[in-house]
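This is what each chain is made of:
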Amino acid sequence: MSTTEAQLQVCFVARQTKHVVPSTPIVVPAHLKRYGLSQIINHILSLEKPVPFDFLIDGVFLRGSLESQLREKNISMEDVVDIEYVESMLPPKPLATIAQDDWISSVLVIDNTKFLTGSYDGALRVWNSSKECEQTAKVHDGPVKCVSTVATSTSQDGSAVIYSGSQDQSAISWEFRDDKFVPVYKALGHTGSIDSISVNSQNTHFITASSDSTLKIWSSSVPSTSEVEVDSVPKSKKAKHASQVELITKAALSTCTGHVGGVTSTLFDRSDDKKAFSCGWDHSIRTWDMETCTNVSTKACDKVCLALDHSLHNGLLATGHADSVIRLWDSRDSGASMVKMSLTGHKGWVSSLQWSPSSKYILASASHDGTLNIWDIRSTSPVYSIKPEDSKDQSGETQRLLALTWAQNFIAIGGQSGKLGIYETNYS
Amino acid sequence: MPTDSESESDDGLDEEEIDEHDSDFDTLLQAVAHDQGLGSGDDSDDGYIEGDSVDEDEEDEESTNIDSETESGYLTKHSFKDDMDAWKNERKELANIDPVYDSDSSTEETTNTIGNVPIEWYADYPHIGYDIDGKKVLKPMTKDQLDTFLSNADDPDAFRTVRDELNQTDVRLTDKEVDLIKRIQSGQIPDAEYDPYEPTVEWFTSQKMITPLTGAPEPKSRFIPSKWEHKMVMKLVRAFRKNKSTQKPRPEAPKYYDIWAENEDQEQSDVRSRLPAPKMKLPDHSESYNPPGEYLLTAEEEKEWLETDPDERKRNFLPKAYNSLRLVPGYDRFVQERFQRLLDLYVAPRKEIKKNDIDIESLIPKLPDPRDLQPYPTQQSQLYAGHTGRVRSISVDPSGLWLLSGSDDKTVRLWEIVTGRCAQIWKFDDVVQKVAWNPDKDLCLFGVAAGDNAYIAIPDGLCDQTRLTVTEEFVKAGFGNSKDAEQTASVSWNKPTSAQQEAGIELVLQLGGTVKDLSWHKKGNYFSTMHSQTGNTAVIIHQISKHQSQIPFRKLKGLVQRTMFHPTKPWFIVVTQRYVRIYNLMQQELVKSLDPSAKWISSIDVHPQGDNVIVGTYDKKLAWFDLDLSTKPYKTIRYHTQAIRQVHFSRKYPLFASCSDDGTIQVFHGMVYQDLLHNPLVVPLKILRGHETVGPLGILDCTFHPTQPWLFSSGADQTIRLWT
C-alpha cells in the first residue's frame with residue numbers, strides 16, 4: 001500500500017429503513033467511486049444478493065471518485081464526511097413494443113393493464129398488456145393531439161373517464177362502458193388545434209390548451225342538450241366521415257386569455273384543483289386561478305416551452321423547451337421567475353416529460369432526439385438515457401418521440417415511429 | 001634695335017608669308033604705310049629709344065622690320081608697288097616644301113599600317129600589311145637561315161643590323177644610335193651632349209635687380225587713405241567722445257546648466273536618431289589560427305555546416321588549427337566579406353524608423369459581441385424530409401405553426417412545425433415555383449405558382465369554422481363580376497376542377513407564361529405574379545375580392561426577377577436583372593431606382609419598418625440599402641462563395657439571413673434604429689451549415705419564423721431544415 005494514499009473518514013447515513021448501517025465513521029480510501037462504496041455497504045450489511053446503491057454528498061450524486069467530488073464542492077477531507085446512500089434506481093426494463101400505422105401523439109396508461117394511444121390518423125387505440133388492440137375509436141376529424149385521464153380512475157368500477165383533444169379543434173370525453181370507450185360529448189369552442197388537455201383530480205373540470213393562444217375550462221358533467229350549434233361542417237370532412245355519430249356538444253365555462261402565442265401544454269396543480277399551469281410559444285409559464293380564470297403569475301423564459309409537468313411531492317414545475325433543456329421552477333413561489341435548475345442532456349427538443357408518481361427527485365422526459373431520459377434532480381446529468389432500438393428509420397433519420405406517460409410502474413412512450421414502447425421501472 | 005641676323009631670318013619667313021598670302025599683303029602694307037605716316041610725325045626726331053619697347057607687341061616689331069627694309073624705297077622715291085614687283089622678280093626661287101609626313105626627318109617612314117598586331121598573322125599571306133593608301137605591302141624576299149648566317153659572317157655591320165618585323169626589313173643602326181645604346185647599356189646619360197655639371201647661372205639672386213619687374217605706376221590706393229577706414233575710425237572717435245563702449249556686449253552665459261535637460265535642438269535630435277553602424281563582432285577563440293580543441297568542429301558538425309545554407313550558418317568560417325601562423329593560408333573570402341560589409345553599411349538605413357504607434361485593433365470597427373445579440377439561430381433542430389425534388393420555396397403561416405413548401409417533385413406540402421409531420425400534400429401538374437401564405441391573419445389561404453397557373457388554396461383543418469367561411473366567401477366573391485374584368489389583362493380566373501376542389505384549391509388563374517414568382521400585399525387582397533414572358537405583361541397585380549387583374553406597367557425595362565409589395569407604403573418593388581425599381585402605385589410614378597452594381601440580382605427583402613432593403617445577387621454579394629440614405633448600397637457584404645439565392649428579414653427580431661448555393665446560410669444582426677442619427681448596425685452572427693449541395697445548387701430558399709428567432713431553409717437536397 002502506498003504511503004501517499006489519501007483516506008478520509010465517512011459516515012454513511014440512510015434515510016430509508018430497508019438497508020441501514022451503523023452510523024459510525026469509517027475510514028475509506030479517497031479514490032473510491034460509487035461501485036467501491038456500494039461494495040462496502042453490501043459488505044457491512046452482508047447481503048446475500050448484492051444491491052447497488054447510489055451515494056449523495058450534500059444532496060448531490062456521487063459521479064466519479066470521492067476525492068474529485070469533494071474537491072469540486074470544496075469540502076474538507078479532514079472532517080468526517082456524511083454520505084447518504086440510496087438504493088440505485090435500475091434502468092427501466094423494456095416490456096413491450098407495439099407497432100401501429102401512424103404517428104403516436106399521446107399515450108395513456110390505465111389500470112396498469114390498458115395502454116391507450118392517440119394517433120395522428122385521428123384514432124384512439126386501446127391495447128392490453130398482451131399487445132392486442134382492444135379498440136380503435138375514430139371519432140375525431142383531425143389528428144388526436146392529447147389524451148388525459150383522472151389518475152384515480154380505473155376501468156374496473158366503470159368510472160374510467162378519458163378526454164382527448166384533437167387538431168379538429170374539439171375535445172371529446174369518453175367513458176368506459178361494456179369494455180369499450182364510448183364518446184360521450186364533444187367540447188367545441190376552440191379556434192385552433194387542441195394541443196393539451198388536463199383533468200383535475202376530482203374529475204369535475206378539465207382544461208384545454210389550444211394553438212389559438214387560449215385556455216378553456218370545461219365542466220366534466222355530461223350536458224343534457226347540445227350547447228353549441230354545429231351549423232356547417234366542412235363538406236370535405238363530411239365525405240370522409242359519413243358514419244360519424246352526432247355527439248352532444250358542450251361549451252366552455254370560461255376562457256383564459258393571456259398567452260400571446262399558441263399554448264402547448266397545460267396542467268392542473270396536482271395538489272390544488274383551483275390552480276393550473278400553462279406554457280406556450282410566447283416563452284412564458286403561467287399560473288392560473290381556475291375559479292376566476294385569471295393569470296396569477298407569469299414566469300418568463302427565453303425559449304419556446306413545449307411540455308410541462310408539476311410534481312405533487314416537491315411542488316416543482318418541470319418544463320421541456322425547444323433548446324433541448326429541461327428547466328425546473330418553483331411553482332409555489334409566485335414572485336420568483338428564476339430557473340431553479342436546468343437539466344441538459346437531450347439533443348433534441350423536449351416534447352414531453354413527467355415526474356415520477358412517487359418520488360420527488362425522479363423525472364422522465366422524451367425528446368425529438370429519440371431518447372427517453374430518466375433524471376434524478378440531485379444530478380444535472382441524466383441517470384439513464386434510453387434509446388429505443390427502432391429510434392431510426394430506414395434512411396437513418398431519427399424518429400422523434402412525442403409522447404410519454406408514467407403511471408405507477410410503467411413508462412409508455414410513443415412518437416414518429418408509431419411504436420408504443422412500454423417500460424417497467426423498479427422506482428415506482 | 002633688332003640685330004642683322006635677326007632681320008635676315010625674319011626676312012626669309014616674311015618672304016614665305018608674302019608668297020602665300022599675296023592679297024593680304026597689300027592690305028597689310030597699306031596699314032603699315034598709314035602707321036608709318038603717324039609714326040613719322042611723332043618719332044622722326046628722337047627715333048626709337050632703347051628699352052622703351054618693353055611692352056610693345058609683335059605687330060610693332062614687324063612694322064619696324066619692314067620699316068628698316070623699305071628705307072631705300074623712300075630714298076629712290078619710286079612708287080612702292082613697283083618696287084615690290086621688282087623685288088618679287090629678283091628674288092631667288094626656293095623649292096616648295098613638300099608637306100608630307102617625312103618632311104620632318106625625325107619621323108620614320110612607315111609604310112605598313114597594320115598597327116600593333118603580331119606579324120605572324122600575315123605569315124601565310126604574300127603581303128605583310130597595307131600602306132596608307134590601302135594597298136598591299138608585299139613581303140620582301142627573305143633569306144633562309146643559311147644565307148642569313150653567311151651574309152652576317154661577311155658583313156662587318158652585321159652587329160648593328162636590327163630586324164624590323166613590321167616592315168620585314170633589316171635596319172642598319174647609325175653610329176649615333178649605336179652610341180646611344182652603348183651609353184644606356186653602361187648606365188650613362190643617354191644624351192652625349194648633356195653636361196650634368198654645368199656651372200650655375202644665378203638667374204634670380206639675392207642682389208637687387210637694376211630694373212623693376214614691372215613699370216606700372218604706384219596705384220592710387222597706396223597713397224589715398226581709405227574712405228571706409230576713415231568711417232570706421234570716425235565711428236570709434238564718436239564713440240570715444242560719448243564715452244561709449246565700442247565692444248558688443250557679450251551674451252550672458254547662464255550660471256548653471258541642467259545637464260540632464262532634454263536637448264531640443266533639432267540638429268542634435270537628428271544626430272541622435274541616426275543609428276551608428278553595427279560593429280563587427282570581435283574575434284573569439286574559434287577564429288584563432290590554433291584554437292583550443294573544443295572550438296574545433298567535429299566531423300558531423302562540419303558536415304552539418306557544409307550542408308546548411310550559407311545565409312543560415314551560425315558562423316561563416318570553419319575553425320581550423322595550424323601549428324604556426326606561417327601555415328595559415330590567405331583568407332579566400334576576404335573580398336566577398338568586405339564587400340558584404342560595405343554593402344551592408346551602404347544599403348542598410350542607419351536611421352531609426354519611427355513606427356506609427358497605432359493599435360490595429362482600434363481600427364477595426366467595434367462590433368458588439370454576437371453573444372450579446374442573442375437570440376439568433378445557431379443549430380439545426382428539425383428536419384422536414386419527404387420531398388423527392390428540390391424544394392424551391394417555403395413559407396410559414398402567419399401564426400407560426402405551419403410551414404408550406406413547394407418542390408420540383410410537383411407537390412406542395414404542409415408541415416406541422418413542432419413535430420415535423422407532413423399534414424397535407426397537394427399535387428400539381430408542373431414544378432412548383434413559389435408558395436406564399438396570405439399574410440392576413442383572418443384569412444387562411446395561400447398562393448401557389450406552378451406552371452402557367454397561379455393557384456389559391458385553403459388548407460384543410462387548420463382554421464376554425466368561422467375563419468374558413470370568411471375565407472371561402474372572400475375567395476369566391478368575385479366570380480360574379482369577373483367576366484368584364486378579364487379583358488383588362490390576359491388572365492383568366494377559373495373555377496377549379498372537382499378534383500382540385502377536393503384538395504382545397506379554390507381558384508386557378510391562367511397566366512400567359514410560366515409563373516416564377518407570387519407575392520402578397522400585406523392586407524392579403526392583392527397579390528402580384530411575375531412570369532417568364534418578356535414585355536410589360538410579365539408583371540400582373542391581381543385582386544382576389546373582385547377577381548380582377550391589371551397590368552401596372554405599360555412597358556418594362558429589363559428582365560424582371562422578383563416583384564414585391566412594400567410592407568408599409570403603397571409601393572411596388574420590381575427587381576430587374578440589374579436594378580431595383582420602386583414604384584408608387586397611388587401616384588403611378590417611379591420613386592427610387594436602386595443600383596446594387598451587381599450583374600444579376602436574385603432576391604430582395606424589405607425591412608419590416610420599410611426603410612431598409614437587402615438585395616442578394618447571383619454574384620455572391622449582399623447589398624444593404626438605406627432608402628433614406630442613397631440609391632447606392634449602404635453596405636455590401638461579400639461572405640458567400642457562391643450565388644446568393646434568397647435573403648430574408650426576420651419580422652420580429654433584428655435579424656436577417658442569406659442563403660447561397662455554397663450550402664451555407666449566414667445570419668446577420670441587422671438593427672435599424674428609430675432615430676435618424678444612427679446608421680443601421682449590421683453584425684455577422686453565424687454561418688449555418690448542414691444542407692448538402694447537389695451539383696451547382698445549394699440552399700434555394702430561407703425564411704424566418706414570424707414569432708420566434710428561428711430560420712427555415714430549403715435546399716436542393718430535398719430537405720427543409722429548421723435552425724433555432
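Residues numbered from 1 in each chain as written. Chains lettered and ligands numbered in written order. Predicted model: local features only at pLDDT ≥ 70, side-chain atom pairs only at ≥ 80, totals over all residues. Heavy atoms only, no water.

Chemist: Which residues make up the overall build of chain A, and what are the values?
Modeler: Secondary structure summary: chain A contains three helices and 34 strands in total. Counting only residues that meet the buried cut, chain A has 56% of its 428 residues in that class. For chain A, long-range pairs separated by at least 24 residues make up 51% of all intrachain contacts whose partners lie at least 6 apart in sequence. A total accessible area of about 18,200 Å² is found for chain A, and carbon and sulfur atoms account for 48% of it. (Helix = DSSP H or I, 4+ residues; strand = E, 2+ residues; numbered from the N terminus. Buried < 20%, exposed > 50% of the residue type's maximum accessible area, 1.4 Å probe, protein only. Contact = heavy atoms within 4.5 Å. Areas by Shrake-Rupley, 256 points an atom, 1.4 Å probe, with all protein chains shown as cover.)

Chemist: Could you give an account of the pairing of strand 20 (residues 263–268) of chain A, naming the residues involved and the relevant values?
Modeler: All names here are of chain A. Counting buried positions over the six residues of strand 20 gives six, a clear majority of the element. As paired elements, strand 20 and strand 21 (residues 275–280) share five bridges and run antiparallel to each other. If you follow Leu-267 over to strand 21, its bridge partner there is Phe-277. The turn joining strand 20 and strand 21, which pair antiparallel and follow one another in sequence, is formed by six residues. (Pairing = 2+ DSSP bridges.)

Chemist: Describe in detail the nonpolar core, supporting the description with residues and values.
Modeler: In this structure, B:Leu403, B:Val412, B:Ile417, B:Phe428, B:Leu445 and B:Val448 are the most contacted members of the largest nonpolar core, which totals 59 residues. The contact partners of B:Leu445, leaving out residues within four places of it in the chain, are B:Trp437, B:Asn438, B:Ile456, B:Ala457, B:Ile458, B:Pro459, B:Thr471, B:Phe474, B:Val475, B:Trp520 and B:Ile544. Within the second largest apolar cluster, 20 residues are counted, among which are A:Ala30, A:Ile41, A:Leu66 and A:Tyr85. (Core = buried A, V, L, I, M, F, W, Y, C linked by side-chain atoms within 4.5 Å.)

Chemist: Go over the sheet that holds strand 16 (residues 526–531) of chain B, please, and point to the residues and values.
Modeler: Residue and element names in this part refer to chain B. Read across the sheet, four strands follow the order 15-16-17-18 without closing on themselves; strand pairing throughout is antiparallel. Both outer strands of the open sheet, strand 15 (515–520) and strand 18 (548–550), are each paired with one neighbouring strand and no more. Within the sheet, the average angular offset between the axes of one strand and its neighbour, ignoring direction, is 25°. One ladder, built from three bridges, connects strand 17 (residues 539–543) with strand 18; its direction is antiparallel. Among the inter-strand pairings, His-542 is bridged to a residue of strand 18, identified as Ser-549. (Axes fitted to C-alpha atoms, helices over the stretch in contact; angles between N-to-C directions.)

Chemist: Go over the sheet that holds strand 29 (residues 362–367) of chain A, please, and point to the residues and values.
Modeler: All names here are of chain A. Pairing is antiparallel in the open sheet, where four strands are placed in the order 28-29-30-31. The sheet is open, and its two edges are formed by strand 28 (350–355) and strand 31 (384–386), each paired on a single side. Adjacent strand axes in the sheet meet at a mean angle of 20° when their direction is disregarded. With five bridges joining them, strand 29 and strand 30 (residues 372–376) adopt antiparallel strand pairing. Bridge assignment links Ala-366 to a residue of strand 30, and that residue is Leu-372.

Chemist: Describe in detail the interface of chain B and chain A, supporting the description with residues and values.
Modeler: On the side of chain A, 26 residues touch chain B, which itself brings 27 residues to the contact. Carbon and sulfur atoms supply 49% of the area that chain B and chain A bury against each other, a total of about 2,300 Å² over both sides. Joining chain B to chain A, the criterion identifies two salt bridges. A salt bridge links B:Arg421 to A:Asp102, with the nearest nitrogen and oxygen atoms 2.7 Å apart. Joining chain B to chain A, the criterion identifies 11 residue pairs in polar contact (both at pLDDT 80 or more). Going through the elements one at a time, strand 5 (380–385) and helix 14 (465–476) of chain B are the ones with two or more residues in the side of chain B that touches chain A. Here the residues of the side of chain B that touches chain A are counted per class, giving 11 nonpolar, 11 polar and five charged. (Buried area = accessible area lost by both parts, 1.4 Å probe. Salt bridge = Lys/Arg side-chain N within 4 Å of Asp/Glu carboxyl O. Polar contact = N/O pair within 3.5 Å; in protein donor to acceptor, adjacent residues only side chain to side chain. Nonpolar A, V, L, I, M, F, W, Y, C, P; charged D, E, K, R; others polar.)

Chemist: Before we move on, can you summarise the UniProt feature "repeat: WD" (unreviewed entry) in chain A with the specific residues and values?
Modeler: When the UniProt feature table is mapped onto this chain, "repeat: WD" (unreviewed entry) is found at residues 187–219, 256–298 and 343–385 of chain A. With 0% helix and 61% strand, residues 187–219 of chain A has its two end C-alpha atoms placed 10 Å apart. (UniProt positions renumbered as here; feature names shortened; annotations may be inferred.)

Chemist: Help me get a handle on the state of the cysteines, residues and values and all.
Modeler: Residues and elements named next belong to chain A. Evaluated as defined, the whole model comprises one disulfide over all chains. Between the sulfur atoms of Cys-256 and its disulfide partner Cys-293 the distance amounts to 2.1 Å. Since a negative S-S torsion denotes a left-handed disulfide, the Cys-256-Cys-293 link at about -105° is left-handed. Note that Cys-256 is positioned in strand 19 (residues 254–257) and Cys-293 in the loop between strand 22 (284–289) and strand 23 (294–300), a separation of 37 residues in sequence. Cys-293 carries the same exposure label as Cys-256, and that label is buried. (Disulfide = S-S within 2.5 Å.)

Chemist: How would you sum up a positive patch on the surface? Please name residues and give values.
Modeler: Residue and element names in this part refer to chain B. A cluster of like positive charges, contributed by Lys-235, Arg-238, Arg-241, Lys-242, Lys-244 and Lys-248, occupies part of the molecular surface. Checked against the element boundaries, Arg-241 lands in helix 9 (residues 227–241). Overall, Arg-241 belongs to the exposed group, its relative accessible area being 65%. (Patch = residues over 30% accessible without salt bridge, like charges linked within 9 Å, V, L, I, M, F, W, Y side chains within 5 Å. Lys, Arg positive; Asp, Glu negative; His and termini not counted. Charge placed at Lys NZ, Arg CZ, Asp CG, Glu CD.)

Chemist: Describe the pattern of salt bridges, and please don't skip the residues or the numbers.
Modeler: One pass over the structure, following the stated rule, counts 27 salt bridges over all chains. Here B:Glu416 makes a salt bridge to A:Lys145, at a shortest N to O gap of 2.5 Å. Pair noted here: B:Glu416 is in strand 8 (residues 411–416) and A:Lys145 is in strand 11 (residues 144–149), and the two residues belong to different chains. Residue B:Asp517 pairs with B:Lys434 through a salt bridge whose shortest N-O separation is 3.7 Å. Of this pair, B:Asp517 sits in strand 15 while B:Lys434 sits in strand 10 (residues 432–437), placing them 83 residues apart in sequence. Overall, B:Lys434 belongs to the buried group, its relative accessible area being 17%. Within this structure, A:Lys145, A:Asp195 and B:Glu416 form a network of salt bridges that share partners.

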